[in-house]
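# Observations on chain architecture
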Amino acid sequence: MNTTAELSRTTLAQIIRLATRDLIHQRLSSAVLVLALAAVLTPLLVLFGLKFGVIDNLLRELMQDPRNREIRLIGHGRFDAGWFAQMRALDEIAFVVPRTRGAATTIDLRPENASQPQIKVELIPSGQGDPLLQGHAAPPDQPGSVVLSAASARAIGATPGTRVKASVRRKIEGQWSRVHALLTVAAVVPDSVFPRKGAFVMPALLVAIEDYRDGYAVPEYNWGEGEAFNGPRYYSGFRLYVRELDDVAHVRDLLRAQEASFEVSTKARAIEEVRLFDRYLTATFLMIAFIGVAGFLLSFGASMWVNVERKQRELSVLQLLGFRSPIIMLFPIVQSGLIALSGAVLAIIMFFGISVLINGYFAREAGQFDGLCRLLPSHLAISLVATLVCAVVAAGLAAYRSTRIEPSKGLREL
Amino acid sequence: MARNAAVADSVAAHWVFRLNGVGKTWLAPDKQFQLWVPQLNIRAGAQIAVLGRSGCGKSTLLDILAMTLEPDVCGTFSFAPHEREGIDIGKVWGKRRLDRLAGLRGRHIGYVLQTGGLLPFLTVRDNIELPRQVCGMAREDATEMLAERLNISDQLDKLPGALSVGQRQRAAVARALAHEPTVILADEPTASLDPQTAGEVMELVVSLAAQRNITLVVASHDWQGVTDLGMVQLQHKQVEGTGKLRSVFQT
């Protein structure tokens, strides 16, 4: 029994050796098969690389843009601290801070120790977890700190650490008066975060400005004389972001339900359009991919099949010499497997070369994107395995067929 | 030569092949042909020449004997490589035990094809040694000895494509002999050779087989050649039957 097992192990080694010897002997046609495979597989890999890189990345980026998760209020409302607490308690809401009336949201700004002309900047209420600042800067955490947009920083030559002077004017009974606050620039965020001249501050500063412009004194900043505001406070608006895109519609409905006249503007429709676009594009890609993959598998399978047919005489000679059919089947299977492996590896190498070119081109043309054409290692592994399986199945079927016929036919009919 | 006849008729030699009512039908463009063997017994060590025009079924008969072609009528087909009781080949075919047939072929049959049938991707040496490897036989200097006898010693490390037709045919003879088979079947082994080389190769085949007491069956259309070598002749006769042409071989 032992010798039988040994014998079949040596015949196994023999047939693999014979298959490799034949491949090397026919190196020209082997190379043609490898190149043909790589020529079909490479564009498919590039196509998938682009689909994965461009569409997925771009769409994800678009969908991850916090602006698309914002719910805006058109016009004014009246919201008290209790309302904000209630909103913050909702799971769907990622961030909400109060907005003051429009009149309170612009100030004049200039560096403390310079005589540069002052600029008008928009104040944006911010705070812990501000989605706009995420990934760019820490939100202002003290009443005296400010995060400037790049446009504001450029205009007054400010960098992180610069002390800036904010001026607020009011006109009461025909009399103009002006107060100041000293702020420290904590960070500067790029144009992509806020394209205009703007400054992110804690809501408390906005409230102080609103109070001052309404004619009250603000003891915290030592602004004005007389009474400080002491009534129940209402805010006229909010900055509100939900956690997920899918939450937008739901939270919007919730807000509308609170008050019938409540008008909310969301990008729900834009999101829907983007999603639709994604669906159509994915469907298109799937169709192209299906046709491409089917064509690839067919042509590759066919050439493997033809390869076995060409080997009929050799296979019959092996049968004549007493090799058993299952062992002989390994002859074309090993050959197809080796061709598939070489072709797929070559295609992957060419894919990497092409993707470097594509990514280099787009990096020059559109700086903010990188990795527009890329595949994950798992994608490459799948393409490798699929090619191998296809090769082995096609060769296996053809080999099964050709070892079933009597050896004499294969020997005589060629 | 009387020696061959003596071996074939000796009481000691057992039957290697016993065929009784074995046939194979195939379709030619205009007619049905049938190879028909009413009775054919071949003793161990016999040297048989199957004679007939090309297309008369000589190759078919050899393929059936080599167990590479299944007869469609099979009364008795017994193959006895040793003196023990024969193996019922018809039954093995019937049960589709192709691996058993492959095993028998690999061990007991050496087949010289009309056009060599060497594997083009192996050197002549590897081609000759392959049958021994298939049988799990040890490496010996049998290859060199055979190559010397067949005058192809300096061709051993070349690929078959680099050899002349005659050298290739001699290499094929060496391959058929290498694993010391029970039977050598040769199908027009000299058809593609010039008359002089053909004569040399046939003489070598006959004498090498005789030395090793190997049963030899050669298909040939060369009446004169086999007569000179003193082989037992197996003639065929054609019988026009009902719609088909029968080619009958009988001892």
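Residues numbered from 1 in each chain as written. Chains lettered and ligands numbered in written order. Predicted model: local features only at pLDDT ≥ 70, side-chain atom pairs only at ≥ 80, totals over all residues. Heavy atoms only, no water.

## Here's the deal with the overall build of chain A
Rules: The helix count covers DSSP runs of H or I at least four residues long, the strand count covers runs of E at least two residues long, and both are numbered beginning at the N terminus. A 1.4 Å probe rolled over the protein chains alone gives each residue an accessible area, and that area as a share of the maximum for its type sets the label: buried under 20%, exposed over 50%, partly exposed in between. For this analysis, residues touch if any pair of their heavy atoms sits within 4.5 Å. For the accessible areas, the method is Shrake-Rupley and the probe is 1.4 Å, while residue cover comes only from the protein chains on display.
When its secondary structure is counted, chain A shows eleven helices and ten strands. Taking all 414 residues of chain A together, the buried fraction comes to 44%. For chain A, long-range pairs separated by at least 24 residues make up 78% of all intrachain contacts whose partners lie at least 6 apart in sequence. A total accessible area of about 21,200 Å² is found for chain A, and carbon and sulfur atoms account for 61% of it.

## Describing the confidence of the model for chain B
Residue and element names in this part refer to chain B. Our working rule: Looking at any residue, its pLDDT shows the predictor's confidence there, from 0 to 100.
The predicted model of chain B has a mean per-residue pLDDT of 85, with 93% of residues at 70 or higher. Across chain B, strand E6 (residues 109-112) holds the top mean pLDDT of 94, while helix H1 (residues 2-9) sits lowest at 44. Considering only residues more than four positions removed or in separate chains, one finds that residues 1-10, a stretch of pLDDT under 50, has 16 contacts. This complex was scored by the predictor with a pTM of 0.69 and an ipTM of 0.88.

## Considerations on the sheet that holds strand E3 (residues 47-51) of chain B
Residue and element names in this part refer to chain B. Short version of the rule: Strands pair, by our definition, only if DSSP identifies at least two bridges between them. Axis lines are fitted to C-alpha atoms, over the contacting stretch for helices. Their N-to-C directions set the angle, which ranges from 0 to 180 degrees.
Ordered by their spatial adjacency, five strands build an open sheet running E6-E7-E8-E3-E9, and the pairing between neighbours is parallel. Looking at strand neighbours, the two that pair on one side only are E6 and strand E9 (232-234), the edges of this open sheet. Across the sheet, the mean angle separating the axes of adjacent strands is 20° when strand polarity is ignored. Judged from the five bridges that link them, strand E7 (residues 183-187) and strand E8 (residues 215-220) form a sheet pairing that is parallel. Its bridge partner being in E8, Leu185 is matched across the sheet by Val217. Contacts from helix H7 (residues 165-178) reach E6 and E7 within the one sheet, and its direction differs from that of E6 by about 170°.

## Considering the interface of chain B and chain A
It is common to give the size of an interface as the accessible area that goes away when the parts come together. Heads up, the condition is: By definition, the buried area sums, over both parts, the 1.4 Å-probe accessible area that each loses when the two are put together. Salt bridge, as used here: a side-chain nitrogen of Lys or Arg that lies within 4 Å of a carboxyl oxygen of Asp or Glu. Any N or O atom pair separated by 3.5 Å or less is treated as a polar contact, with the protein-specific requirement of one donor-capable and one acceptor-capable atom, and with residues adjacent in sequence counted only for side-chain atom pairs. As a working rule, the residues Ala, Val, Leu, Ile, Met, Phe, Trp, Tyr, Cys and Pro are called nonpolar, Asp, Glu, Lys and Arg charged, and the rest polar, with Gly in that last group.
Listed as interface residues are 31 residues of chain B and, on the opposing side, 26 residues of chain A. Interface area for chain B against chain A, summed over the two sides, is near 2,600 Å², with a carbon-plus-sulfur share of 59%. It is B:Asp99, B:Phe121 and B:Val134 that lose the most area in chain B upon contact with chain A, and together they represent 23% of the buried surface on that side. Between the two partners, chain B and chain A, sit one salt bridge. Between B:Asp126 and A:Arg21 there is a salt bridge, with its nearest N and O atoms 2.5 Å apart. Seen at the junction of chain B and chain A, the total is five residue pairs in polar contact (both at pLDDT 80 or more). A total of six residues in the side of chain B that touches chain A trace back to one element, the largest contributor, which is helix H4 (residues 98-108) of chain B. Residues belonging to the side of chain B that touches chain A are distributed by class as follows: 15 nonpolar, nine polar and seven charged.

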